[in-house]
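Notes for the structure review
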Amino acid sequence: MTTAAEASTMLNPLALFIAADPVVKVIMVGLVVASLWSWAVIIDKAIRFASLNSHAAAFEKAVGSGRSLEEIASQAGPDPAHPLPRMLVIALSDWREARTRGPLTEGQGNMLMARIDRALDSLIAREGQRVEAGLGVLSVVATASPFIGLFGTVWGIMNAFGAIAAAQNTNLATVAPAISEALFATALGLAAAIPAYMAYNKFSIDAGKFTGRLESFADDLQAAVARRLGGPSAPAPQPAADYSRREL
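On to the packing of helix H5 (residues 83-99) against helix H6 (residues 106-132), then. Describing two packed helices takes the angle between their axes plus the distance from one axis to the other. Two numbers describe how H5 lies on H6: the axes approach to 10 Å, and their chain directions differ by 160°. Here H5 lies roughly antiparallel to H6, going by the angle between them. With respect to the hand of their crossing, H5 and H6 are arranged in right-handed fashion. Between H5 and H6, the residues in contact are Pro 83, Arg 86, Met 87, Ile 90, Ala 91, Asp 94, Trp 95 and Ala 98 and Leu 112, Arg 115, Ile 116, Ala 119, Leu 120, Leu 123, Ile 124, Glu 127 and Arg 130, respectively. Here the contact of H5 with H6 is built from residues that sort into 12 nonpolar, no polar and five charged.

Here it is in structure tokens:
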């Protein structure tokens, strides 16, 4: 029979770590480091996605407010940090450069559209890679941690059986501490894997949604350029509630 003090020790993580086999200790330390690393990524991604979506919502509100796109782009500056205003600046810059050469022929208009399309696609690809950075860490922690913890458990149970053979005693009190140390490794593996798995799925969805937001805005900009090219001149943009139908 185990005493109350022994039972308390078997539930104490520090005591379990101190009493564990050296191999199991290394596994435990590795799992704790992996968990801390994944939590650092989780916190960083949560802050970044909140900031990106907040700035995107504010920019879309400004574009849909009736102000001219030139004014909004000027307010954003020549090199905005957020991708949405940077896309607008790129499109307006290419448009102005093309218009300084005089009226555009159909071929020149097509070349302008292709140039804007490539520039926006390149920006979207870079931003997609940026928002997905760090998700690989969460994926590795989520998939590998349970198996690493299980290896520690198997190793600890092997030691427990060795203790049984050495003591020639199958009393539960003899093997319970070793088994507790072994199972603690699995618990650490699951504690590291579950948050990483949930965060990986959430942030993967968030990254896909944000990339889709960029692609939709790029389509709106290209449609606005195409409408401008189709007009006889470059009229001033008219206020509209739907920014996706605005003229450049």
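The discussion continues.
What follows is about a nonpolar patch on the surface. The grouping of Leu 190, Ile 194, Tyr 197 and Met 198 at the surface amounts to a nonpolar patch, some 440 Å² of accessible area in total. With respect to the helices, strands and loops of the structure, Leu 190 is situated in helix H8 (residues 172-230).

Once that is clear, we can look at the packing of aromatic side chains. The full count for this structure, using the stated rule, is three aromatic pairs. The interplanar angle of 45° and the centroid separation of 6.1 Å between the aromatic rings of Phe 151 and Trp 155 together place this pair among those described as tilted. Here the residue Phe 151 and the residue Trp 155 both occupy positions in helix H7 (residues 135-167), the gap between them amounting to four residues, near one helical turn. On the accessibility criterion, Phe 151 (44% relative accessible area) is partly exposed.

This brings us to H5. Residues lying three or four places apart along an α-helix face the same way, a consequence of the helix completing one turn every 3.6 residues. Relative to the 24 Å expected for 17 residues at 1.5 Å per residue, H5 spans 24 Å between its end C-alpha atoms, a close match to the ideal helical length. The element H5 is extensively covered by neighbouring structure, given that 12 of its 17 residues are classed as buried. Regarding H5, the residues found buried are Pro 83, Leu 84, Pro 85, Arg 86, Met 87, Leu 88, Val 89, Ala 91, Leu 92, Asp 94, Trp 95 and Ala 98.

Here the focus is the pattern of salt bridges. By the definition in use, this model includes five salt bridges. Glu 60 is paired through a salt bridge with Arg 213; the nearest N and O atoms lie 3.0 Å apart. Here Glu 60, found in helix H3 (residues 22-63), pairs with Arg 213, found in helix H8; they are 153 residues apart in sequence, far enough to count as distant. Here Asp 206 and Lys 202 are joined by a salt bridge, their closest N and O atoms 2.6 Å apart.

Calculation notes
Residues numbered from 1 in each chain as written. Predicted model: local features only at pLDDT ≥ 70, side-chain atom pairs only at ≥ 80, totals over all residues. Heavy atoms only, no water. Axes fitted to C-alpha atoms, helices over the stretch in contact; angles between N-to-C directions. Helix = DSSP H or I, 4+ residues; strand = E, 2+ residues; numbered from the N terminus. Parallel < 35°, antiparallel > 145°, perpendicular 65-115°, else oblique. Left-handed = near helix turned anticlockwise from the far one by under 90°. Contact = heavy atoms within 4.5 Å. Nonpolar A, V, L, I, M, F, W, Y, C, P; charged D, E, K, R; others polar. Patch = residues over 30% accessible without salt bridge, like charges linked within 9 Å, V, L, I, M, F, W, Y side chains within 5 Å. Areas by Shrake-Rupley, 256 points an atom, 1.4 Å probe, with all protein chains shown as cover. Salt bridge = Lys/Arg side-chain N within 4 Å of Asp/Glu carboxyl O. Phe/Tyr/Trp six-rings, centres within 6.5 Å; stacked < 30°, edge-to-face > 60°. Buried < 20%, exposed > 50% of the residue type's maximum accessible area, 1.4 Å probe, protein only. Expected span 1.5 Å × (residues − 1).

Everything listed here is a matter of coordinates, which is why it stays silent on function.
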